[in-house]
Amino acid sequence: YQPGAYNMNALATVTQALIAAGGIDTVGSMRNIQVKRHGKLIQTIDLYDILVSGDNHSDIRLQSGDTVFVPAKEGEFTVNGKIKRPDIYELKNNP
């Protein structure tokens, strides 16, 4: 919600940086969060892995000068009715 530069603790992870920035806007992707270091992509994070299954192996520690980039969603769908998790879900882009 609040893009910009943030000073983070030396042990901060990507998810902690996202929380410090107020989370992800409704147009931002939760499936393609990119961490760039010196202009090169070093990690892509799918927050669904963390939120649904608790798999946080991709939630790396940030280093000085890292950029966390949240691109726009590429597609989404809505699930309604008598199901466990009715919601709006983002499609995962599989090249």
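In this report, we go over the structure that sits alongside the text. (Residues numbered from 1 in each chain as written. Predicted model: local features only at pLDDT ≥ 70, side-chain atom pairs only at ≥ 80, totals over all residues. Heavy atoms only, no water.)

Considerations on the side chain of Asp66
Part 1 of the argument: Locating Asp66 in the fold gives a position in the loop between α2 (47-53) and β3 (67-69).
Part 2 of the argument: Asp66 gets classed as buried once you look at its relative accessible area, which sits at 17%.
Part 3 of the argument: A polar contact is formed between the side chain of Asp66 and the side chain of Arg37, at a distance of 2.8 Å.
Part 4 of the argument: Polar contacts involving the side chain of Asp66 include one to the main-chain amide nitrogen of Gln63, which spans 2.8 Å.
Part 5 of the argument: Excluding its chain neighbours within four sequence positions, the residues that come into contact with Asp66 are Val35, Lys36, Arg37 and Arg61. (Helix = DSSP H or I, 4+ residues; strand = E, 2+ residues; numbered from the N terminus. Buried < 20%, exposed > 50% of the residue type's maximum accessible area, 1.4 Å probe, protein only. Polar contact = N/O pair within 3.5 Å; in protein donor to acceptor, adjacent residues only side chain to side chain. Contact = heavy atoms within 4.5 Å.)

Looking at the pattern of salt bridges
Part 1 of the argument: Within the structure shown, the criterion is met by 4 salt bridges.
Part 2 of the argument: We note a salt bridge from Arg37 to Asp66, for which the minimum N-O separation is 2.8 Å. Taken together, the positions of Arg37 in strand β1 (residues 33-37) and Asp66 in the loop between α2 and β3 put the pair 29 residues apart, joining distant regions of the chain.
Part 3 of the argument: A salt bridge links Glu76 to Lys73, with the shortest nitrogen-to-oxygen separation between them at 2.8 Å. (Salt bridge = Lys/Arg side-chain N within 4 Å of Asp/Glu carboxyl O.)

Everything listed here is a matter of coordinates, which is why it stays silent on function.
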